[in-house]
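Next come the chains, spelled out residue by residue.
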Amino acid sequence: MSTPAPRSLAEALRARDDVSLAALLRARPDLITPVPTDLTQLATRAGTRASVVRALERLDRFALQTAEALAVAADPASYGELLGLMTGDEGDPVVAAALPRALGTLREQALVWGDDERLRLVRTARELLSPSPQHPSPTGLGPTVQEATAGMSPGRVQEIVTAAGLPSTHDSVSAVGSLTALFGDRERMAALLAGLPQESREVLARLVWGPPYGQVTPDPAAHLRQLLDRGLLLPTAPGTVALPREVALHLRGGRAHRALEPLPPALEPAATHRPQIVDTTAAGQAYTALATVEELLKDWDEGGPAVLRAGGLSVRDLKRTAVALDVAEPVAAFWVELAYAAGLLASDGEADERFAATPAYDEWLEQPAGVRWARLAETWLTATRTAGLVGGRDAKDRTLSALGPGLDRSAAPEVRHRVLTLLAGLPEGTAPSAESVLDRLRWERPLRGPQQDDDLRARLARWTLSEAEMLGVTGRGALSAHGRALLGAPAPASSTRAKKAAEAESGGPGDKLPVHHTPVAVEPLSPVEQATASAAAARLLTPLLPEPLDHVLLQADLTAVAPGPLQRPLADMLGVLADVESKGGATVYRFTPGSVRRALDAGRTASDLHAFLAAHSRTPVPQPLAYLIDDVARRHGQLRVGAASAYVRCDDDALLNEIMADKRAAGLRLRRLAPTVLATQADPATLLEGLRAMGFAPAAESAEGDVLITRADAHRTPPRTAPEPVPDGPPTPDATLLSAAIRAIRAGDVASTAPRKQPSSAAAGGALPRTSSAETLATMQAAVLTGEALWIGYVNAEGAASQRVIAPIRVEGGFVTAYDHTADEVRTYPLHRVTGVAELAEEA
């Protein structure tokens with residue numbers, strides 16, 4: 001016995017198994033937010049405009065073209081009719097082979113329902129995709145004959161039928177039907193067109209692929225008059241005519257689209273490198289990324305730039321940061337945004353609000369290099385903040401600033417993940433061209449409008465390719481091994497094996513490998529899975545990073561050369577004792593009186609500095625450097641500055657005399673209080689800077705007379721959480737949520753569709769049953785004895801009415817305890833809230 005064809009989308013969903021329902025809810029997660037009560041509500045929600053628009057925007061180009069063809073086909077249409085619209089009279093084996101997959105996608109997402117003899121596009125999708133003057137169809141087709149003649153007078157319809165060589169009819173409906181049949185008959189239509197002059201056929205040729213509308217004057221030319229008389233052009237508005245859909249399809253050879261793209265475009269290799277070179281190049285970029293973020297946060301250690309009133313970083317501060325990092329401003333914006341998204345910097349929240357490092361930055365610094373990189377890469381992969389927008393304008397024509405509002409784009413994580421997944425589908429070491437990546441993305445998510453130049457997804461893809469290279473996820477344009485692990489992608493076969501497989505498929509050697517020959521399906525990972533993937537990426541990257549060194553090379557010109565990355569204690573101390581002069585493969589530090597004084601201010605003594613240099617230099621400590629340290633240390637702290645407003649004290653009164661005699665001290669307005677003490681109205685910080693500018697080496701002291709030790713890395717924000725990504729709609733449900741949702745929907749559907757014995761007191765049309773309290777109690781008690789299920793009406797404490805199917809277990813104390821088939825659990829209901837009860841009908 002064959003299964004009857006479904007009469008509605010709800011019936012079609014009811015016929016699905018749990019696996020098919022799970023695929024629908026996974027593809028359209030908005031359908032279970034919140035969980036529908038039954039399959040009828042699920043079908044209703046699947047047909048709403050917002051949900052259908054969202055689903056159509058996520059179709060690939062060929063699936064969307066299939067839906068567009070169904071929108072111009074009859075409703076319902078058979079599979080044969082759809083195939084004819086897609087392949088035309090001549091046929092196309094590639095399109096015919098790809099059509100079942102596209103139709104399966106539409107069915108899976110509940111955009112199409114029905115069997116192959118009665119395919120129906122959901123009504124909302126048909127309304128969105130059907131041709132209209134306001135919203136032309138991508139097919140370029142116009143209205144049908146029936147639609148175009150809807151407002152035409154019966155006499156005019158009969159005139160057209162007669163001019164087309166058809167017998168007149170008694171009514172307009174049959175006349176339109178005969179005209180439609182004529183335009184759909186290939187032989188008769190060819191004969192009709194053959195009798196037209198060349199000028200008339202040229203007009204049809206200009207309209208055949210769209211737009212199907214044209215303008216005519218009140219007194220059209222003879223060749224236009226012939227088209228109008230025969231119905232080959234039909235008026236749709238004063239002065240406007242349209243080419244009927246049936247005529248256009250005949251002229252097109254039955255095809256709904258001018259060009260179809262049944263297969264995704266291949267990624268074209270731009271270059272091929274050895275995998276080892278890709279990995280080492282990416283590792284070098286990863287090390288540079290870590291160094292850049294550290295340098296950025298170190299530069300902001302004492303309090304970074306001020307926060308704008310509207311939030312974010314000023315253009316001037318971004319330029320200053322770019323100069324400090326020695327990068328372009330867009331690149332500086334990327335590093336600043338990445339550190340912010342990772343929770344390493346934030347605003348301090350003070351009255352004079354500034355950006356600064358967070359306590360999480362100190363924790364991050366203590367982690368191994370591979371783990372630190374994995375955190376940055378994972379943050380970049382999942383963040384919705386988009387640094388590429390910095391400097392652009394928002395909807396209100398305001399400049400978008402780094403660290404400011406308005407930079408979140410919910411599509412960014414999906415695009416980044418998809419671009420890297422495409423790279424993972426190529427053989428190891430293969431870097432695709434950027435244009436082929438963009439072409440593939442446009443096929444997977446075609447634009448629904450003409451704004452090709454302003455396609456956000458295309459810009460996100462370009463930014464992804466450049467940012468992945470800067471971050472070290474890719475190397476020389478190809479995905480690295482640790483980048484592949486970050487995605488959770490399977491380890492690829494060797495390049496040699498992949499090449500041999502490609503040559504075997506293509507019939508010979510070649511340098512182009514289409515993406516669909518090496519498919520890689522990598523779904524976005526859950527937080528737990530992503531943490532595991534990040535740990536794996538860190539393990540792969542760690543051996544490729546340079547080992548930190550515990551030594552430098554001191555030179556006689558007061559410089560030190562670090563031939564590689566330094567261990568953190570050594571780098572921190574050297575950063576205080578010397579100034580960085582140049583970066584690169586080897587970092588050059590220069591010792592100056594100011595840098596040595598900085599180390600002494602931090603609490604180091606001259607003997608500490610000599611011992612430090614001797615312990616960490618592979619070369620002897622040069623004599624000029626030793627003399628520099630001793631000379632600065634001998635003068636350091638002779639002068640003491642404290643708060644009076646401020647004072648200077650020194651055991652050597654001759655030194656104070658020298659200060660008083662110096663013309664540069666006039667601005668400090670010093671006066672002598674005692675032979676060894678000078679006072680001023682300036683604050684201690686100003687006094688310190690003034691004396692240092694005069695060439696002295698004063699030290700600050702506390703109210704107790706102790707020397708104050710100053711450190712550069714003192715300012716941190718209070719604990720801050722990293723900004724949360726802005727989701728692009730409801731998240732994809734996991735297996736547990738899907739299972740629970742499907743179980744609840746099935747149970748609710750059983751309750752809503754179970755056959756019932758309608759009590760005489762219940763209203764028609766599915767209203768809640770109404771019985772007296774005594775009858776309700778008696779029926780409940782009887783059901784406990786017999787074990788039968790009942791249909792009840794129930795009103796909860798909020799006054800919301802619902803109907804349920806329950807199997808009573810116990811009735812006592814004014815409550816009924818029962819197994820609720822709707823909720824799929826045992827519940828207790830107050831009897832006074834039960835509006836009525838009815839027995840379920842016996843199934844035939």
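Quick caveat, the model's predicted, so the values are computed rather than measured.

Novice: I tried to follow the sheet that holds strand E5 (residues 240-242) on my own but got confused; where do I start?
Specialist: Hydrogen bonds along the backbone pair up the strands of a sheet, which may run parallel or antiparallel. Taking strand neighbours across the sheet as the criterion, the 3 strands line up as E3-E5-E4 in an open arrangement whose pairing is antiparallel. Strand pairing shows two members of the sheet lacking a second neighbour, strand E3 (213-215) and strand E4 (234-237), which therefore form its edges. Each strand axis lies, on average, 40° off the axis of its neighbour in the sheet, ignoring direction. Note: E4 against E5, 3 bridges, orientation antiparallel. Looking at the pairing, Pro235 lines up with Val241 of E5.

Novice: Sorry if this is basic, but what is going on with the sheet that holds strand E14 (residues 579-582) here?
Specialist: The 4 strands are arranged E12-E13-E15-E14 in an open sheet whose pairing can be described as antiparallel. In the strand order of this sheet, the two ends are held by strand E12 (553-555) and E14, each with one partner. Averaged over all neighbouring strand pairs, the angle between strand axes comes to 30°, with direction disregarded. Bridge count for E14 against strand E15 (residues 587-590) is 3 bridges, and the pairing is antiparallel. Note that in E15 the partner of Ser582 across the bridge is Val588.

Novice: Could you clarify how one ought to interpret empty space enclosed by the protein in this entry?
Specialist: Over the atoms rolls a probe the size of a water molecule, and in doing so it shows where empty space is left. All chains considered together, the criterion is met by 3 cavities of 30 Å³ or more. The space that makes up the largest cavity amounts to roughly 90 Å³. Forming the boundary of the largest cavity are Phe334, Glu337, Leu338, Ala341, Thr379, Trp380, Ala383, Arg385, Thr386, Ala387, Arg416 and Glu467. Put simply, the parts of the chain that give the lining of the largest cavity at least two residues each are helix H18 (329-341) and helix H20 (369-382). By residue class, the composition of the lining of the largest cavity is 6 nonpolar, 2 polar and 4 charged.

Novice: Please clarify how unusual backbone geometry should be interpreted in this entry.
Specialist: Both trends apply: most residues other than glycine have a negative phi, and most peptide bonds are in trans. With omega at 0°, the peptide bond leading from Asp75 into Pro76 counts as cis. Its place among the elements puts Pro76 in the loop between helix H5 (61-71) and helix H6 (79-87). Pro211 follows Gly210 through a cis peptide bond whose omega is -5°. Within the secondary structure, Pro211 is located in the loop between helix H13 (198-207) and E3. Even without a glycine there, the phi angle at Ala110 is positive, about 60°. Inspection of the secondary structure puts Ala110 in the loop between helix H7 (93-108) and strand E1 (112-113). Its identity is not glycine, yet Arg476 carries a phi of approximately 55°, on the positive side. By the element assignment, Arg476 lies in the loop between strand E10 (474-475) and strand E11 (478-479). For Arg476, a relative accessible area of 46% puts it in the partly exposed group.

Novice: Could you clarify how one ought to interpret the nonpolar core in this entry?
Specialist: One recurring pattern in soluble globular proteins: nonpolar side chains tend to sit buried together. Core analysis: the biggest nonpolar cluster contains 86 residues, and Leu70, Phe183, Leu232 and Leu233 have the highest contact counts within it. For this core, the element with the most residues is H5, which contributes 7 residues. Excluding its chain neighbours within four sequence positions, the residues that come into contact with Leu233 are Val203, Leu204, Leu207, Leu224, Leu227, Leu228, Val241, Ala242, Leu243 and Pro244. Among the nonpolar cores identified, the runner-up in size contains 69 residues, and Leu297, Ala342, Ala374 and Leu438 belong to it.

Novice: It is not clear to me how the packing of aromatic side chains should be interpreted in this structure. Could you clarify?
Specialist: Aromatic ring pairs are reported here in terms of the distance separating the ring centres and the angle at which the planes meet. This structure, assessed with the given rule, holds 4 aromatic pairs. The ring centre of Trp364 lies 5.3 Å from the NZ or CZ of Arg372, which sits over that ring.

What counts as what
Residues numbered from 1 in each chain as written. Predicted model: local features only at pLDDT ≥ 70, side-chain atom pairs only at ≥ 80, totals over all residues. Heavy atoms only, no water. Pairing = 2+ DSSP bridges. Helix = DSSP H or I, 4+ residues; strand = E, 2+ residues; numbered from the N terminus. Axes fitted to C-alpha atoms, helices over the stretch in contact; angles between N-to-C directions. 1 Å grid on protein atoms, 1.4 Å probe; cavity = no way out; pocket = protein on both sides within 12 Å on 5 of 7 lines; lining within 4 Å. Points joined across faces, edges and corners; volume = space filled by probe spheres on them. Nonpolar A, V, L, I, M, F, W, Y, C, P; charged D, E, K, R; others polar. Buried < 20%, exposed > 50% of the residue type's maximum accessible area, 1.4 Å probe, protein only. Core = buried A, V, L, I, M, F, W, Y, C linked by side-chain atoms within 4.5 Å. Contact = heavy atoms within 4.5 Å. Phe/Tyr/Trp six-rings, centres within 6.5 Å; stacked < 30°, edge-to-face > 60°. Lys NZ or Arg CZ within 6 Å of the ring centre and 35° of its normal.

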